[in-house]
Amino acid sequence: MRPGRVGMWCLIAAETAVFTIFVVAYLFYAGQSVGGPMPADVLHTPIFATVCLLSSSVTIHLAVQWWRRGAMSAFAGWWLATIVLGAMFLAGTAIEWRGLIHDKGLTIQTNLFGTTYYALVGLHAFHVTVGLACLSLVSTLAFLGHVKPEHAERGDVLSLYWHFVDGVWVVVFMVVYVIAR
C-alpha cells in the first residue's frame, strides 16, 4: 500500500473515533433536555441535501476512473459535479440551520439537544468543507494543466476521504433524523 493511502486510512481511523464520540454524546444528551425544542419538534429530514451528498460519491468515483484513463475533460466534468453536489449539501445545511436558529429558536445554547446537534452536524459540515477545499484545489490545478493521469493515485486518496465523509453522513442522518427523533 502506498504512503498516501496509509496516511488517509490512519486519518479515517482517527476521524472515526472522533465521530463516534460525537454520535454517542448526541444519542445520550439529545433526550436529556428539560426545556426548549426537541428533535421531533424542529427537525425536518434533509432528503434533497442527502441525495446530493451521496450522489457525490458516484461522481468522484467516475472522476477518478476517467483521471486514470487520461480522459482529463471527462475527469474535470465529474470532479466539478462532485464539488457542486457537495456545495449543494452545505447550502442545504445552512438553510436548515437558518430555519432552526431564526424560526425555531434552536441555538447551541438553547439546550443539550441544540448543543449536541450543532456539534455533530457542524463537525460533519466542517469535514465536507475541508473536502470541498481539497477538491477545489485539485480542480484549480487541473485547470492550470498540472493534473496528469500519472497523478491518479492522489485522486484515489482524496476520494477515500470523500467516501468517508459521505459514509459518516449516513450514520449522522440515521442518528439525528431517524433514530433519536
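Before reading on, note that the structure itself is shown above.
What this report covers is the structure whose coordinates are included nearby. (Residues numbered from 1 in each chain as written. Predicted model: local features only at pLDDT ≥ 70, side-chain atom pairs only at ≥ 80, totals over all residues. Heavy atoms only, no water.)

### Looking at a nonpolar patch on the surface
Part 1: On the surface, a cluster of nonpolar side chains totalling about 490 Å² of accessible area is made up of Leu27, Leu54, Val170, Met174, Val178 and Ile179.
Part 2: Sort the elements by how many residues they give to the nonpolar patch and helix α6 (residues 152–179) lands first, with 4 residues.
Part 3: Within the fold, Leu27 resides in helix α1 (residues 3–29). (Patch = residues over 30% accessible without salt bridge, like charges linked within 9 Å, V, L, I, M, F, W, Y side chains within 5 Å. Areas by Shrake-Rupley, 256 points an atom, 1.4 Å probe, with all protein chains shown as cover. Salt bridge = Lys/Arg side-chain N within 4 Å of Asp/Glu carboxyl O. Helix = DSSP H or I, 4+ residues; strand = E, 2+ residues; numbered from the N terminus.)

### Quick notes on the packing of α1 against helix α5 (residues 112–143)
Part 1: Running from N to C, α1 and α5 cross one another at 155 degrees; their axes reach a closest spacing of 8 Å. As the angle between them shows, α1 and α5 are arranged roughly antiparallel. Of the two possible hands of crossing, α1 and α5 adopt the one that is left-handed. Together, Glu15, Val18, Phe19, Phe22, Val23, Ala25, Tyr26 and Tyr29 of α1 and Leu112, Phe113, Thr116, Tyr117, Ala119, Leu120, Leu123, His124 and His127 of α5 make up the contact between the two elements.
Part 2: Of the residues assigned to the contact of α1 with α5, the class counts are 13 nonpolar, 3 polar and 1 charged. (Axes fitted to C-alpha atoms, helices over the stretch in contact; angles between N-to-C directions. Parallel < 35°, antiparallel > 145°, perpendicular 65-115°, else oblique. Left-handed = near helix turned anticlockwise from the far one by under 90°. Contact = heavy atoms within 4.5 Å. Nonpolar A, V, L, I, M, F, W, Y, C, P; charged D, E, K, R; others polar.)

### Thoughts on the side chain of Ser159
Part 1: Mapped onto the secondary structure, Ser159 falls in helix α6.
Part 2: Ser159 sits in the buried class, given a relative accessible area of 8%.
Part 3: A distance of 2.8 Å separates a polar atom in the side chain of Ser159 from the backbone oxygen of Asp156.
Part 4: Leave out the neighbours within four places in its chain, and Ser159 touches Ile60 and Val64. (Buried < 20%, exposed > 50% of the residue type's maximum accessible area, 1.4 Å probe, protein only. Polar contact = N/O pair within 3.5 Å; in protein donor to acceptor, adjacent residues only side chain to side chain.)

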